[in-house]
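Per-entry structural report
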Amino acid sequence: RFWLEHSVVGGLPFSEAHGHRFGMARQRWEVVGGGDKGGIVVREGSGLTSTQVTDRLATGAVVEEVELAGDRLHYQKVSGDGPETGWVSTSLK
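Cut-offs applied
- Residues numbered from 1 in each chain as written.
- Predicted model: local features only at pLDDT ≥ 70, side-chain atom pairs only at ≥ 80, totals over all residues.
- Heavy atoms only, no water.
- Core = buried A, V, L, I, M, F, W, Y, C linked by side-chain atoms within 4.5 Å.
- Buried < 20%, exposed > 50% of the residue type's maximum accessible area, 1.4 Å probe, protein only.
- Helix = DSSP H or I, 4+ residues; strand = E, 2+ residues; numbered from the N terminus.
- Pairing = 2+ DSSP bridges.
- Lys, Arg positive; Asp, Glu negative; His and termini not counted.
- Salt bridge = Lys/Arg side-chain N within 4 Å of Asp/Glu carboxyl O.
- Polar contact = N/O pair within 3.5 Å; in protein donor to acceptor, adjacent residues only side chain to side chain.
- Contact = heavy atoms within 4.5 Å.

This part is about the nonpolar core. Ranked by size, the top nonpolar core spans 10 residues in total: Trp 29, Val 31, Ile 40, Val 42, Leu 57, Ala 61, Val 63, Leu 73, Tyr 75 and Val 88. Listing elements by their share of this core, those giving two or more residues are strand S4 (28-31) and strand S6 (72-79).

Sheet faces and side chains relate simply in a regular strand, where the side chains alternate between the two faces. In the sheet, S4 pairs with strand S5 (residues 62-69) via 3 bridges, with the strands oriented antiparallel. In the sheet register, Arg 28 faces S5, and the bridge partner there is Glu 64. Taken together, the 7 bridges between S5 and S6 define a ladder with antiparallel strand orientation. The residue of S6 that forms the bridge with Val 63 is Lys 77.

Moving on to the side chain of Arg 72. Inspection of the secondary structure assignment puts Arg 72 in strand S6. Buried charged residue Arg 72 carries no salt bridge. Nearest counter-charge: Asp 71, at 5.5 Å. A distance of 2.8 Å separates the side chain of Arg 72 from the backbone oxygen of Ser 46, its partner in a polar contact. Polar side-chain contacts of Arg 72 include one of 2.8 Å to the side chain of Ser 89. The contacts of Arg 72, once residues within four sequence positions are left out, are Arg 43, Gly 45, Ser 46, Gly 47, Leu 48, Glu 67, Trp 87, Val 88 and Ser 89.

Within this structure, the stated rule accounts for 2 salt bridges. Where Glu 64 meets Arg 28, a salt bridge forms, and the shortest distance between an N and an O atom there is 3.3 Å. On the criterion of sequence distance, the pair formed by Glu 64 in strand S5 and Arg 28 in strand S4 is long-range, its members being 36 residues apart.

A few words on the environment of Asp 55. When you line up the elements, Asp 55 lands in the loop between S4 and S5. As for Asp 55 and Gly 38, which are separated by 17 residues in sequence, their C-alpha atoms are 9.2 Å apart. Beyond its immediate sequence surroundings of up to four residues, Asp 55 is in contact with Val 42 and Pro 83.

Checked against the element boundaries, Gly 39 lands in the loop between S4 and S5. Spatially, the C-alpha atoms of Gly 39 and Asp 55 are 8.7 Å apart, while their sequence positions differ by 16 residues. In this view, Gly 39 contacts Gly 33, Gly 34, Arg 56, Leu 57, Ala 58 and Thr 59; residues no more than four positions away in its chain are not counted.

Read these as spatial facts, not as claims about activity.
Take a look at the structure:
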């Protein structure tokens, strides 16, 4: 079960327009999990034992990928409720 999914623009996943190192758009993700808990857990660092942020990233929020390390996503929020930046899991363990 996934917590996040790639946003779709013009019928194509954002991964098709991936390549922010070259000045192109960053990959975007939409939070699709955590609806029953008010969103998904955000942490300050990439590790699962790093400090948990008080607020959750709300279901429906859209974020831009800063870095992807395995199933851990460092994000910058584009829209929706929750912390402006942080680390989240892309799938339920």
